[in-house]
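What follows is each chain in one-letter form.
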Amino acid sequence: SQQGEEDPQALSIQEGENATMNCSYKTSINNLQWYRQNSGRGLVHLILIRSNEREKHSGRLRVTLDTSKKSSSLLITASRAADTASYFCATDAMDSNYQLIWGAGTKLIIKP
Amino acid sequence: ETGVTQTPRHLVMGMTNKKSLKCEQHLGHNAMYWYKQSAKKPLELMFVYSLEERVENNSVPSRFSPECPNSSHLFLHLHTLQPEDSALYLCASSQGTSLSTDTQYFGPGTRLTVL
């Protein structure tokens, strides 16, 4: 069953604005990862946040994790046209040592 | 780019054909994965290999047959597919020390169309 659900499904903003995407999940996790996928290509890992962490930064990316609400957010600051992509969250599955459970993704469009 | 290559990039096949997808990773990883990505659906994990042994098979129909001859290569053999099998097939690899925590490195995918 689907663990992560991203919100919104699609987001269109002007270049330079900040973009925020959210991910909710159902069960307890050890970690949550965010990935980016350019159209028709493979996924690229962005950041991993562990369940005992609340916030993590990487360049223009800021990820937060609220385990009490079972949710995470990905903030991209000062967006660029090259940030246009789909963004996915993935959580580890407590009943499997091998799987990541993926959401359906947020499609982000940055308008020049 | 990411150290994981997939061939072919595009494949069109009839329902009676037999074809194979190939994945190669140049990262020295010990785990490899096959995923199916259909439009507007979450990634579906198909198979996981760790140290060349299959450790996960997510109830995938037998018309999909994986093969991992060594830790750098992964194949997906296809036969008598259905039109609903049309999708982007992604290969990934990870170090394999802790599969549910490892960062996964993806190939560019094979866009498969079944007529």
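An account of the accompanying structure is given in this report. These numbers were taken from a predicted model, which means no experiment stands behind them.

Let's shift gears to the state of the cysteines. A disulfide bridge is the covalent bond that connects two cysteines by way of their sulfur atoms. All names here are of chain B. For the structure shown, the criterion picks out two disulfides over all chains. At a sulfur-sulfur separation of 1.9 Å, the disulfide partner of Cys23 is Cys91. On the sign convention where negative is left-handed, the bridge of Cys23 and Cys91, at about -70° about the S-S bond, is left-handed. Within this pair, whereas Cys23 is found in strand β3 (residues 18–25), its partner Cys91 is found in strand β9 (residues 87–94), the two being separated by 68 residues in sequence. The two residues Cys23 and Cys91 agree in class, both being buried.

Turning our eyes to something else, we now look at the sheet that holds strand β3 (residues 19–24) of chain A. Residue and element names in this part refer to chain A. Strand order in the open sheet made by the five strands is β1-β3-β8-β7-β6, with antiparallel pairing throughout. Here the strands that pair on one side only, and so sit at the sheet edges, are β1 (5–7) and β6 (55–58). Shown here is a sheet whose adjacent strand axes are inclined to one another by a mean of 20°, direction ignored. Pairing of β1 with β3, which is carried by three bridges, proceeds in the antiparallel orientation. Across the sheet, Glu6 pairs through a bridge with Cys23, a residue of β3.

Parameters and conventions
- Residues numbered from 1 in each chain as written.
- Chains lettered and ligands numbered in written order.
- Predicted model: local features only at pLDDT ≥ 70, side-chain atom pairs only at ≥ 80, totals over all residues.
- Heavy atoms only, no water.
- Disulfide = S-S within 2.5 Å.
- Helix = DSSP H or I, 4+ residues; strand = E, 2+ residues; numbered from the N terminus.
- Buried < 20%, exposed > 50% of the residue type's maximum accessible area, 1.4 Å probe, protein only.
- Pairing = 2+ DSSP bridges.
- Axes fitted to C-alpha atoms, helices over the stretch in contact; angles between N-to-C directions.

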